[in-house]
Amino acid sequence: MTLISVVSAAMTIALRELILNFFCGLYIKIKKPFNVEDRIQIDDLKGDVMSISALDFEVLEVSTKEENGQSTGIVVTFPNSVVFSKAIKNINKGFKYVWNELTVKVKMDSDLPNNKKELYKIVNGLEVVKNIPKKMKEQVDITNATNRVYFNNYDPIIYTKLVDDHIEPTIRYLMHPKKSRYVESVIWNKIYTSYKNGKIDLFIGN
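Predicted model only: the values in this text are computed from it and were never measured.

Parameters at a glance
- Residues numbered from 1 in each chain as written.
- Predicted model: local features only at pLDDT ≥ 70, side-chain atom pairs only at ≥ 80, totals over all residues.
- Heavy atoms only, no water.
- Core = buried A, V, L, I, M, F, W, Y, C linked by side-chain atoms within 4.5 Å.
- Buried < 20%, exposed > 50% of the residue type's maximum accessible area, 1.4 Å probe, protein only.
- Helix = DSSP H or I, 4+ residues; strand = E, 2+ residues; numbered from the N terminus.
- Contact = heavy atoms within 4.5 Å.
- Phe/Tyr/Trp six-rings, centres within 6.5 Å; stacked < 30°, edge-to-face > 60°.
- pLDDT = per-residue confidence, 0-100.

Enquirer: Got a sec to walk through the nonpolar core? Specific residues and values, please.
Expert: Note that soluble globular proteins tend to have their nonpolar side chains buried in a common cluster. Membership of the largest hydrophobic core comes to 21 residues, with the highest contact counts inside it found for Val104, Ile171, Tyr173, Ile187 and Ile191. For this core, the secondary structure elements donating two or more residues are β6 (98-103), α3 (112-124), β9 (166-175) and α6 (180-196). If sequence neighbours within four positions are ignored, Ile171 has contacts with Asn100, Glu101, Leu102, Val104, Leu119, Val123, Ile157 and Ile158. Ile28, Val49, Phe57 and Val59 belong to the second-largest nonpolar core, a separate cluster that totals 12 residues.

Enquirer: Tell me what's going on with the packing of aromatic side chains, and back it up with residues and numbers.
Expert: Pairs of aromatic rings are described using the distance from one ring centre to the other and the angle between the two planes. Under the definition given, this model contains 5 aromatic pairs. On the basis of an interplanar angle of 45 degrees and a centroid distance of 6.4 Å, the ring pair of Tyr192 and Tyr195 is categorised as tilted. Taken together, the residues span about one helical turn, with Tyr192 and Tyr195 both in helix α6 at a distance of 3 residues. With a relative accessible area of 30%, Tyr195 lands in the partly exposed category. Pairwise contacts between aromatic rings join Phe34, Phe57 and Phe78 into one cluster.

Enquirer: Outline the confidence of the model for the protein chain, listing residues and values.
Expert: For the protein chain, per-residue confidence averages 85 on the pLDDT scale, and residues scoring 70 or more make up 84% of the total. The element-level mean pLDDT for the protein chain is lowest in helix α5 (residues 132-143), coming to 75, with α3 highest at 95.

Enquirer: Could you give an account of unusual backbone geometry, with specific residues and numbers?
Expert: Phi at Glu37 takes a positive value of approximately 85 degrees, unusual for a residue other than glycine. With relative accessibility at 57%, the residue Glu37 sits in the exposed group. We note that Asp164 has phi near 50 degrees; this positive angle belongs to a residue other than glycine. If you trace the backbone, Asp164 turns up in the loop between β8 (157-163) and β9.

Structure follows, in structure tokens:
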């Protein structure tokens, strides 16, 4: 009787999890907290949703060593019930694009307006950046049919901060989250070229 009770209890727990995951799968299908290809974050794990089944979903992990990590090649499987037990951050839901910020250090005695002019020229000259503001505005207009969302500016903007012995212009721009590392690399390469050509007075220090 004791053995039967233990087995019955184990089966009950197993069936409970199975049934819970099944109904959570229906919840995911109907409410769509995320879709395949969305980039999500659960606790400290960030990745792209690869597949969603009746009982679980798979996420291709991206590195968290840097803010805009790339795929590690590791696939993590979550039970569907995690949608009720964990907070899930969906980086793509609602809007296809996100804001990114890139901070540059320039010399304190530099010509700040000219430096900012060159930075604007760089970021506004990128095809992957300059066409996004219009698309983002269209997405916000669609979302506002059911939710109230406001943005004062969609175009790249540069904020300025004085820090000790240098100045920090911070470029804020819209981008696709999966292209963030590529975009940053392109911007930094162009900044370096401008620096070598004497168009940006980079601060090289600690």
